[in-house]
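Analysis of the macromolecular model
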Amino acid sequence: MSRPRPVLLDTSFLIDLERETATGDLGQARRFLPSLRGRPLVMSIVTVEELLEGAADEAAALASLQRFAIQGLHLVQARRCALLQRRATRRMGENDAWLVATAESIHADIVGADRVACERLGNRYLRYR
């Protein structure tokens, strides 16, 4: 039996999911979440930084991150990121490049709402809105 491909959660998705959960709204992120059932949910350390940077309550933000596996940045991601940026006709933003490199290095899909990343990953980019 093959293991399901992991899903790397982008900051846009996590912010919408947190807001919808807090307000009880069944928005686009919460409606999309069931489609990920059974797949490992992973968060890049870059996404963690982005969430903490914008958090009004850092302790609450840290607590909400405990339910996800967190993928750090290591040599394999650095080499992949450098290769992606070197080959690109148009450089990605640094955080996007790290996210794409991380997804590629762990053979994951990404769920988010960024059109640029969607172009680079093709059907491995899962748009939730």
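Here goes a summary of the coordinates provided. (Residues numbered from 1 in each chain as written. Predicted model: local features only at pLDDT ≥ 70, side-chain atom pairs only at ≥ 80, totals over all residues. Heavy atoms only, no water.)

Brief notes about the overall build of the protein
- The helix and strand tally for the protein stands at 7 helices and 5 strands.
- In sequence order, the secondary structure elements of the protein are arranged as β-α-α-β-α-α-β-α-α-β-α-β.
- Relative to a compact globule of 129 residues, whose C-alpha radius of gyration would be 14 Å, the protein shows 15 Å and is just as compact.
- Along the longest, intermediate and shortest principal axes, the C-alpha atoms of the protein span 45 × 35 × 30 Å.
- Out of the 129 residues in the protein, the part that is buried amounts to 41%.
- Put simply, of all contacts in the protein between residues at least 6 apart along the chain, 61% involve residues at least 24 apart.
- Of the roughly 7700 Å² of accessible surface on the protein, 52% is carried by carbon and sulfur atoms.
- A gap of 9 Å separates the mean positions of the 19 positive and 16 negative side-chain charges of the protein. (Helix = DSSP H or I, 4+ residues; strand = E, 2+ residues; numbered from the N terminus. Rg over C-alpha atoms; globule rule 2.2 N^0.38 Å. Buried < 20%, exposed > 50% of the residue type's maximum accessible area, 1.4 Å probe, protein only. Contact = heavy atoms within 4.5 Å. Areas by Shrake-Rupley, 256 points an atom, 1.4 Å probe, with all protein chains shown as cover. Lys, Arg positive; Asp, Glu negative; His and termini not counted. Charge placed at Lys NZ, Arg CZ, Asp CG, Glu CD.)

Some points on the layout of surface pockets
- The calculated volume of the largest pocket comes to roughly 410 Å³.
- Residue lining of the largest pocket: 18 residues in total, with Ile15, Glu18, Leu51, Ala55 and Ala61 positioned closest to the centre.
- At the level of secondary structure, the elements contributing two or more residues to the lining of the largest pocket comprise α1 (11-23), α3 (45-54) and α4 (58-65).
- Tallying contributions element by element places α1 first for the lining of the largest pocket, with 5 residues.
- By residue class, the composition of the lining of the largest pocket is 11 nonpolar, 2 polar and 5 charged. (1 Å grid on protein atoms, 1.4 Å probe; cavity = no way out; pocket = protein on both sides within 12 Å on 5 of 7 lines; lining within 4 Å. Points joined across faces, edges and corners; volume = space filled by probe spheres on them. Nonpolar A, V, L, I, M, F, W, Y, C, P; charged D, E, K, R; others polar.)

As for the environment of Ile15
- Within the secondary structure, Ile15 sits in helix α1.
- Residue classification places Ile15 among the partly exposed residues on the basis of a relative accessible area of 31%.
- Remark: the alpha-carbon pair of Ile15 and Ala29, spanning 14 residues in sequence, is separated by 9.0 Å.

A word on the nonpolar core
- If you look at the biggest cluster of nonpolar residues, it comprises 16 residues, and the most contacted ones within it are Leu9, Phe13, Phe32, Leu36, Met43 and Val111.
- Every element with two or more residues in this core is listed here: β1 (7-9), α1, α2 (28-32) and α3.
- If you tally residues by element for this core, the top one is α1, at 3 residues.
- Excluding its chain neighbours within four sequence positions, the residues that come into contact with Val111 are Val7, Leu8, Leu9, Asp10, Phe13, Phe32, Leu36, Leu126 and Tyr128.
- Residues Cys81, Met92, Ala97 and Ala103 belong to the second largest nonpolar core, which totals 14 residues. (Core = buried A, V, L, I, M, F, W, Y, C linked by side-chain atoms within 4.5 Å.)

Remarks on helix α5 (residues 75-87)
- The terminal C-alpha atoms of α5 lie 18 Å apart, and with 13 residues this matches the ideal 18 Å at 1.5 Å per residue to within 8%.
- Turning to α5, its buried residues are Gln77, Cys81, Leu84 and Gln85. Mapping the buried residues of α5 onto a view down its axis gives an arc of 90 degrees, with all of them on the same face. Set apart from the buried face of α5 by more than 90 degrees, the exposed residues are Leu75, Arg79, Arg86 and Arg87.
- Where α5 is buried, its residues touch β3 (69-71) and α6 (94-105). (Expected span 1.5 Å × (residues − 1). Arc of directions from axis to C-beta.)

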